[in-house]
Amino acid sequence: MEARRVLVNQRERRLRSGWRLLIGLFTFGFVLVVASGVQAVLLGLSVTIPLLAGGLALAGSLLFYGINTGTLVGLSWWLDGRTIPGLGLGGDGWWRNLAFGLALGVAMPTAVFLVELALGHVAVDGVLVTRPDNQFGVVVPASAGVFGTLLFFVGVGVFEEVLSRGYLFQNIAEGLDGLGPIGARGAIGTAAVVTSALFGVLHLTNPNATLLSTFNIAVVGLFFAGTYLVTGDLGIAIGVHVTWNFSLSSLYGFPVSGLTTPATVLSVRQTGPTLVTGGRFGPEGGLVFYLALAVGIALTWWWVRREEGAIRFHSEIADPDLRNPKRPVQTGNDDD
């Protein structure tokens with residue numbers, strides 16, 4: 001009986017968060033390797049069949065992100081016992097928040113572009129341009145490249161948010177809530193810092209990354225976590241993530257997280273100081289990033305007040321609704 005209590009949260013009728021996270025990450029790691037193999041096969045075919053190179057490379061990436069996102073959703077449903085809205089992927093207002101996030105993800109890079117243009121830090125060299133020297137290794141017509149990049153960043157945005165602000169964030173917050181003196185707010189705050197720091201570190205291996213770019217990406221993670229905390233879902237975070245990456249790289253032609261995409265609507269040349277513009281890493285690696293962040297925070301604040309009437313902290317993230325109803329607490333505390 002004592003061993004069972006170590007493994008299972010009796011009130012929630014599921015494994016404790018530490019065990020769930022251990023099993024979940026092991027399973028996810030295995031699937032990640034398999035998905036990487038599938039992607040590698042399609043990338044290999046893209047080299048041997050140049051005519052289909054762009055399509056095969058895109059298919060490989062979308063399969064990679066689709067398989068891994070599906071695995072995380074499945075683990076959250078089966079192992080964690082959450083509902084889909086409990087993972088932040090649904091509920092009242094989710095679609096409206098997603099739509100707002102998609103619009104915000106365009107507005108933020110637009111502010112960066114206009115300010116850099118006004119200051120003379122960027123010059124426009126062309127319109128609807130193919131870029132053969134991209135890090136994706138494919139050369140495609142400009143229109144196809146822009147559309148393919150949008151699909152690619154849909155996969156990236158959904159996967160990274162479900163992983164960082166969804167699966168990892170929620171399990172860490174649930175595990176810490178009630179641990180000693182840590183309450184729901186402390187658990188959520190710690191989860192936000194940990195997952196945001198991890199988000200930044202994971203981008204440290206990107207081309208042209210710097211310590212400033214890594215710090216800025218971690219701050220982006222905190223912003224995304226903040227949108228989750230004030231709305232209770234991942235709609236804004238996913239929306240901004242998708243269109244920020246796309247607009248920055250393939251609408252305005254900047255590098256995004258150190259990457260150059262195969263095509264862009266506007267081709268630009270950065271002429272300002274690297275500390276400000278981010279240089280070859282893109283605006284995320286420079287001080288101009290904080291202009292975009294200010295726009296994002298201000299508009300998100302306005303949106304949430306418009307939708308909910310007031311800004312409030314959704315502390316229930318650390319104690320979500322589960323598919324199986326929780327048992328009433330009779331004696332003691334059986335928190336994770």
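What counts, and where the lines are drawn
Residues numbered from 1 in each chain as written. Predicted model: local features only at pLDDT ≥ 70, side-chain atom pairs only at ≥ 80, totals over all residues. Heavy atoms only, no water. Helix = DSSP H or I, 4+ residues; strand = E, 2+ residues; numbered from the N terminus. Rg over C-alpha atoms; globule rule 2.2 N^0.38 Å. Buried < 20%, exposed > 50% of the residue type's maximum accessible area, 1.4 Å probe, protein only. Patch = residues over 30% accessible without salt bridge, like charges linked within 9 Å, V, L, I, M, F, W, Y side chains within 5 Å. Areas by Shrake-Rupley, 256 points an atom, 1.4 Å probe, with all protein chains shown as cover. Salt bridge = Lys/Arg side-chain N within 4 Å of Asp/Glu carboxyl O. Polar contact = N/O pair within 3.5 Å; in protein donor to acceptor, adjacent residues only side chain to side chain. Contact = heavy atoms within 4.5 Å. Core = buried A, V, L, I, M, F, W, Y, C linked by side-chain atoms within 4.5 Å. Expected span 1.5 Å × (residues − 1). Arc of directions from axis to C-beta. pLDDT = per-residue confidence, 0-100. Phe/Tyr/Trp six-rings, centres within 6.5 Å; stacked < 30°, edge-to-face > 60°. Lys NZ or Arg CZ within 6 Å of the ring centre and 35° of its normal.

A. Fine view of the overall build of the protein. The helix and strand tally for the protein stands at 10 helices and four strands. The linear arrangement of helices and strands in the protein, starting from the amino end, is α-β-β-α-α-α-β-α-α-α-α-β-α-α. What you see for the protein is a C-alpha radius of gyration of 21 Å, in line with the 20 Å of a compact globule of 336 residues. Dimensions of the protein, computed from C-alpha atoms along their principal axes, come out at roughly 70 × 50 × 35 Å. The buried share of the protein, taken over its 336 residues, is 52%.

B. Representation of a nonpolar patch on the surface within the structure. A cluster of nonpolar side chains, contributed by Val6, Leu7, Trp19, Leu22 and Ile23, occupies part of the molecular surface with about 440 Å² of accessible area. Of all the secondary-structure elements, those providing two or more residues to the nonpolar patch are α1 (2-7) and α2 (17-48). In terms of residue count, α2 provides more of the nonpolar patch than any other element does, three residues in total. If you trace the backbone, Leu7 turns up in helix α1.

C. Structural detail: the side chain of Asp80. By the secondary structure assignment, Asp80 is in the loop between α3 (53-78) and α4 (94-119). Assessed through its relative accessible area of 0%, Asp80 is described here as buried. A distance of 2.9 Å separates a polar atom in the side chain of Asp80 from a polar atom in the side chain of Arg20. Separated by 3.1 Å, the side chains of Asp80 and Asn171 make a polar contact. Not counting chain neighbours up to four residues away, the residues in contact with Asp80 comprise Arg14, Arg20, Leu75, Tyr167, Asn171 and Leu322.

D. Fine view of the nonpolar core. Leu72, Met108, Tyr167, Phe223, Val240 and Phe254 are the most contacted members of the largest nonpolar core, which totals 51 residues. For this core, the secondary-structure elements that each account for two or more residues are α2, α3, α4, α5 (142-176), α7 (211-231), α8 (235-251), β4 (263-270) and α10 (289-308). Per-element tally for this core: the top contributor is α5, with 10 residues. Apart from residues no more than four positions distant in its own chain, Tyr167 is found in contact with Arg20, Leu21, Gly24, Leu25, Leu72, Leu75, Ser76, Leu79, Asp80, Leu87 and Val162. Within the second largest apolar cluster, 18 residues are counted, among which are Leu98, Phe169, Tyr228 and Ala318.

E. Seen up close, α10. Here α10 contains 20 residues, and its C-alpha end-to-end distance of 28 Å stays within 8% of the 28 Å for a straight helix at 1.5 Å per residue. Those residues of α10 that fall on the buried side of the exposure criterion are Phe289, Ala292, Leu293, Gly296, Thr300, Trp303 and Val304. Around the axis of α10, the buried residues are gathered within 100 degrees of arc, so they sit on the same side. Exposed and facing more than 90 degrees away from the buried side of α10 are Trp301 and Arg306. Gly309 occupies a position one or two residues after α10 and carries a positive phi of about 90 degrees.

F. Representation of the confidence of the model for the protein in the model. When pLDDT is averaged along the protein, the result is 91; 95% of the residues meet or exceed 70. Summarising per-element confidence for the protein, the mean pLDDT is lowest in α1 (69) and highest in α8 (98).

G. Representation of the pattern of salt bridges within the structure. By the definition in use, this model includes 10 salt bridges. One salt bridge connects Glu174 with Arg14, and the closest N-O pair in it is separated by 2.6 Å. Of the two residues, Glu174 is situated in helix α5 and Arg14 in strand β2 (residues 14-15); the sequence distance between them amounts to 160 residues. For the pair formed by Glu174 and Arg14, the shared burial category is buried.

H. Examining the packing of aromatic side chains more closely. Counted by the stated rule, this structure contains 14 aromatic pairs. A centroid spacing of 6.2 Å and a plane angle of 25 degrees characterise the contact between Phe28 and Phe159, whose relative ring orientation is stacked. Linking Phe28 in helix α2 with Phe159 in helix α5, this pair joins segments that are 131 residues apart in sequence. An angle of 65 degrees between the planes, with centres 6.4 Å apart, marks the rings of Phe64 and Phe159 as edge-to-face. One end of the pair, Phe64, is in helix α3; the other, Phe159, is in helix α5, and 95 residues separate them in sequence. Exposure class is identical for Phe64 and Phe159. Each is buried. One Lys or Arg, Arg165, reaches over the ring of Phe199 and ends 4.4 Å from the middle of that ring.

I. Local environment of the environment of Asn206. Looking at the element boundaries, Asn206 is found in the loop between α6 (184-202) and α7. With relative accessibility at 18%, the residue Asn206 sits in the buried group. The spacing of Asn206 and Phe281 is 75 residues in sequence and 8.4 Å in space, taken between C-alpha atoms. With sequence-adjacent residues up to four places away left out, Asn206 is seen in contact with Ser257 and Phe281.

J. Fine view of the environment of Gly166. Residue placement: Gly166 occurs in helix α5. The class of Gly166 is buried, set by a relative accessible area of 0%. Sequence spacing of Gly166 and Val41 is 125 residues, and the spatial spacing of their C-alpha atoms is 29 Å. What Gly166 contacts, discounting residues up to four positions off in sequence, is Leu87, Glu161 and Leu234.

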